[in-house]
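Residue-level structure breakdown
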Amino acid sequence: MRPLPSSTPQPYDRLSASLELPTDLQPELDDASLLSLLMTRTLPQRDIPRTVETLLEVFGSVAAVVAADPPELARAASLNATTITDLKLLQRLSVRLARSEACRRPVVSSWSSLLDYVRSALAHAPREQFRALYLDRKNVLLRDEFLAEGTVDHAPVYPREVIRRALEVSASALILVHNHPSGDPTPSRADIEMTRQIVEAARVFGLQVHDHLVIGRQGTTSFKQLGLI
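Before going into details, it helps to say that this report is about the structure given with it.

Looking now at the environment of M39. Along the chain, M39 turns up in helix α2 (residues 31-39). Note on M39: relative accessible area 0%, which makes it buried. Along the primary structure M39 and L87 are separated by 48 residues, whereas in three dimensions their C-alpha atoms are 8.9 Å apart. With sequence-adjacent residues up to four places away left out, M39 is seen in contact with I48, T51, V52, L55, T83 and L87.

What follows is the structure in structure tokens.
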């Protein structure tokens, strides 16, 4: 005879019960509701409304909250380490999902997905960052390389390093990306000159620079659309 199943809850039963979603988790939530639900695991219920209000007042949106540096989050709302970790995991997950969608097809044929990805990664970054997206012969993303981080208005970029890395990963083309923490994506004279140097260096090695994207909270600027590439 087969033994009767035990009435004692098994570990996976308890895990399944603990993963039940709250009934108020609707498909569309505003920023305050989303942050409030996220913090129910790590903060006393009485502290959540004031904490969420403070975060949104200081940073402006949930995207800016999760992009903020941990020390900034701690200073703004006295968040504990566990809450900050949850916020940063939310950011990493959103960027990873956007990147997965962008990598499904050749970049030039899924441009909107690429823009979603770079905006999720850089639009609310507190300091200027410079990245190069290296592509293979079919324009599929090989590497997303973080090459420089600087201050609120400058990141040091060396054209020879951009091209050296392209040769190391056997790239055939690249897309340059950097952000403007000020929010305004208008290219500066330094941006234009640096891009010109990279394009000229790439041409020597038979590499194509498809575009240079400048990301800001107010939008995205394409050097190609401006006729600068």
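Having seen it, we continue.
Attention now moves to the pattern of salt bridges. Tallied over the entire structure, the rule returns twelve salt bridges. Of the charged contacts in the structure, one is a salt bridge between D69 and R127, with a shortest N-O distance of 2.7 Å. Of the two residues, D69 is situated in the loop between α4 (62-67) and α5 (70-77) and R127 in the loop between α7 (111-122) and β1 (129-135); the sequence distance between them amounts to 58 residues. A relative accessible area of 18% places D69 in the buried class.

Here the focus is the environment of Q197. Counting through the fold element by element, Q197 comes out in helix α9 (residues 189-204). A relative accessible area of 35% means that Q197 is categorised as partly exposed. For Q197 and R160, which are 37 residues apart along the polypeptide, the C-alpha to C-alpha distance reads 9.0 Å.

Cut-offs and rules
- Residues numbered from 1 in each chain as written.
- Predicted model: local features only at pLDDT ≥ 70, side-chain atom pairs only at ≥ 80, totals over all residues.
- Heavy atoms only, no water.
- Helix = DSSP H or I, 4+ residues; strand = E, 2+ residues; numbered from the N terminus.
- Buried < 20%, exposed > 50% of the residue type's maximum accessible area, 1.4 Å probe, protein only.
- Contact = heavy atoms within 4.5 Å.
- Salt bridge = Lys/Arg side-chain N within 4 Å of Asp/Glu carboxyl O.

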